[in-house]
Amino acid sequence: MNSGLVFAMAGTLLFALGTAGVLLVRALFRRILAFNVMGSGAFLVLVGLAQRTGPPDPVTQAMVLTGIVVAVAATALALALVRRLHALTGRLEIQQRNDE
Amino acid sequence: MRAVAVILSAAAFAGIVIAQLLRLSTPVVDLPALVGERIPVSGVAHPVTAVLLNFRGYDTLLEIGVLLLAAVIVLAARGDEPAMNPAALPSAEPPIQMFARATTGPMIVVAVYLLWAGAYQPGGAFQAGAVLAAMAVLLYLAGVTGNWAKPGMALRAGLTGGFLLFLGVAASLLIRGVLLQYPVEHAGQLILLIEAGLTVSLGLILASLFLFLAADPPR
């Protein structure tokens, strides 16, 4: 067991935490944050696994770098949609469904 | 009830994945060695830049496309936001404005350095673009420049330029038969050209994600 594997395990926990957050939290800003925690967990798994057998793997690093930039754009997009929703309806939460 | 189910499944998921991680065998393909072998023909000396711009160039091409798409959707979804007077911001005070103006030059120098350094050490278009975007946001927050209420032709050209340049290079290389396979002798210059375009566009796109929305939403 080396540090890369520990990173991957921490990433798995973060991913599970973020997924639970996305499913459970109703406030939209916190849901976006949970989504980001989920993404960070995935990046940590990728980077951790790539360096468990020796020097870091540049292919995975490049992939995660690409992923981080796309995650920033996705977050900005989600925030823009939340703002639009707030401007149109005044709500910042997911509405309760009737069957729950 | 639902909360308990979700938490239990998340914990079970994490447990199973971690148990599998511990049993993982060593990778069959040694990617770092493969990349190291091909560095001499990539046109750059840093492995991450070589992967991003050469070996897996289409990832980067699609990425800048996705970013452009996000900027366009943000522009479409924001409604009609009025141009805002930056001097009305609470942070718009002369010392802060002077500081923001004074940092502009060094930040551009840092961005160009990062772009240039990407060829042989960590750095490259993304980092340089992030610095440029931070500069634009800083200038707005200090009350020096306004938000981007009505993107004009120059801004639109800047937002799309990097993607179109990259696409143009990729398309012209199709003559040689394969998408994004640079000729070895020109690979370095082509990568620098693409990265320069990407830096400008990435900086503008990342800044626009903030500055398109930087106004009170319509009431």
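Remember, predicted model here, so these are calculated numbers, not experimental data. (Residues numbered from 1 in each chain as written. Chains lettered and ligands numbered in written order. Predicted model: local features only at pLDDT ≥ 70, side-chain atom pairs only at ≥ 80, totals over all residues.)

Comments concerning the overall build of chain B
A count of helical and extended segments in chain B gives 8 helices and 0 strands. Going from N to C terminus, chain B has its helices and strands arranged as α-α-α-α-α-α-α-α. Taken over C-alpha atoms, the radius of gyration comes to 22 Å for chain B, far larger than the 17 Å a tight globule of 219 residues would show. (Helix = DSSP H or I, 4+ residues; strand = E, 2+ residues; numbered from the N terminus. Rg over C-alpha atoms; globule rule 2.2 N^0.38 Å.)

Structural notes on the overall build of chain A
A tally of helices and strands in chain A yields 3 helices and 0 strands. Going residue by residue from the N terminus, the α and β elements of chain A occur as α-α-α. Taken over the C-alpha trace, chain A has a radius of gyration of 17 Å; the compact-globule value for 100 residues is 13 Å, which it surpasses by more than 25%. Projected onto its principal axes, the C-alpha positions of chain A cover 55 × 30 × 15 Å. Every one of the 100 residues in chain A was classed for burial, and the buried ones make up 30%. (Buried ≥ 20, exposed ≤ 12 C-beta atoms within 10 Å, placed from the backbone.)

Regarding the packing of helix H7 (residues 153-173) of chain B against helix H8 (residues 187-211) of chain B
Residues and elements named next belong to chain B. At a minimum axis separation of 8 Å, H7 and H8 run at an interaxial angle of 145°. At the point where H7 passes H8, the crossing takes the left-handed sense. Packed against H7, whose contacting residues are Leu155, Gly158, Leu159, Gly161, Gly162, Phe163, Leu165, Phe166 and Val169, the element H8 presents Leu190, Ile194, Gly197, Leu198, Val200, Ser201, Leu202, Leu204, Ile205 and Ser208 at the interface. Its residues assigned to classes, the contact of H7 with H8 shows 13 nonpolar, 6 polar and no charged. (Axes fitted to C-alpha atoms, helices over the stretch in contact; angles between N-to-C directions. Left-handed = near helix turned anticlockwise from the far one by under 90°. Contact = placed C-beta atoms within 7 Å. Nonpolar A, V, L, I, M, F, W, Y, C, P; charged D, E, K, R; others polar.)

A short note on the interface of chain A and chain B
How big an interface is tends to be reported as the loss of accessible area on association of its parts. On the chain B side, the residues contacting the 32 residues of chain A number 37 residues. For the side of chain A that touches chain B, the secondary structure elements donating two or more residues are helix H1 (3-24) and helix H3 (58-89) of chain A. Looking at which element gives the most residues to the side of chain A that touches chain B, the answer is H3 of chain A, with 19 residues. A class-by-class count of the residues in the side of chain A that touches chain B yields 23 nonpolar, 6 polar and 3 charged.

Quick notes on the packing of helix H5 (residues 94-117) of chain B against helix H6 (residues 125-141) of chain B
Residues and elements named next belong to chain B. It is at 8 Å that the axes of H5 and H6 come closest, and there the two elements cross at 170°. Considering their axes alone, H5 and H6 lie roughly antiparallel with respect to each other. Facing H5, whose interface residues are Ala100, Thr103, Thr104, Met107, Val110, Ala111, Leu114 and Leu115, H6 presents Ala125, Gln127, Ala128, Val131, Leu132, Met135, Leu138 and Leu139. Residues belonging to the contact of H5 with H6 are distributed by class as follows: 13 nonpolar, 3 polar and no charged. (Parallel < 35°, antiparallel > 145°, perpendicular 65-115°, else oblique.)

Some points on the nonpolar core
Core analysis: the biggest nonpolar cluster contains 56 residues, and Leu67, Ala70, Ala71, Val74, Ala136, Ile205 and Leu209 of chain B have the highest contact counts within it. Of all the secondary-structure elements, those providing two or more residues to this core are H3 of chain A together with helix H3 (47-55), helix H4 (57-77), H5, H6, H7 and H8 of chain B. With 11 residues, the next largest nonpolar core counts Phe7, Ala8 and Phe15 of chain A together with Ala10 of chain B among its residues. (Core = buried A, V, L, I, M, F, W, Y, C linked by C-beta atoms within 7 Å.)

What to know about the environment of Thr75 of chain A
All names here are of chain A. Relative to the helices and strands, Thr75 resides in helix H3. Classification of Thr75 by C-beta neighbours within 10 Å gives partly exposed; the count is 17. Put simply, Thr75 and Arg30 are 45 residues apart on the chain and 12 Å apart in space, counted from C-alpha to C-alpha. For Thr75, the contacting residues outside a window of four places in its chain are Ile32 and Asn36.

A short note on H5 of chain B
Residues and elements named next belong to chain B. The terminal C-alpha atoms of H5, which comprises 24 residues, lie 35 Å apart, in line with the 34 Å expected from a rise of 1.5 Å per residue. Three or more residues of H5 are buried, namely Ala100, Ala111, Leu114 and Leu115. Looking at the buried side of H5, the elements it contacts are H6 and H8. (Expected span 1.5 Å × (residues − 1).)

Quick look at the environment of Thr145 of chain B
The topology assignment puts Thr145 of chain B in the loop between H6 and H7. Sequence-wise, Thr145 of chain B and Leu114 of chain B are 31 residues apart; in three dimensions their C-alpha atoms are separated by 25 Å.

Thoughts on the environment of Arg83 of chain A
Residue and element names in this part refer to chain A. Secondary-structure assignment places Arg83 in helix H3. Overall, Arg83 belongs to the partly exposed group, with 19 C-beta atoms counted inside 10 Å. Note: C-alpha distance between Arg83 and Met63 (20 residues apart in sequence) is 30 Å.

Details of the confidence of the model for chain B
All names here are of chain B. Across chain B, the average pLDDT comes to 85, with 92% of residues at 70 or higher. Taken element by element, the predicted model of chain B shows its lowest mean pLDDT in helix H2 (residues 31-38) (84) and its highest in H5 (92). In the predicted complex, the global pTM is 0.85; the interface-specific ipTM is 0.84. (pLDDT = per-residue confidence, 0-100.)

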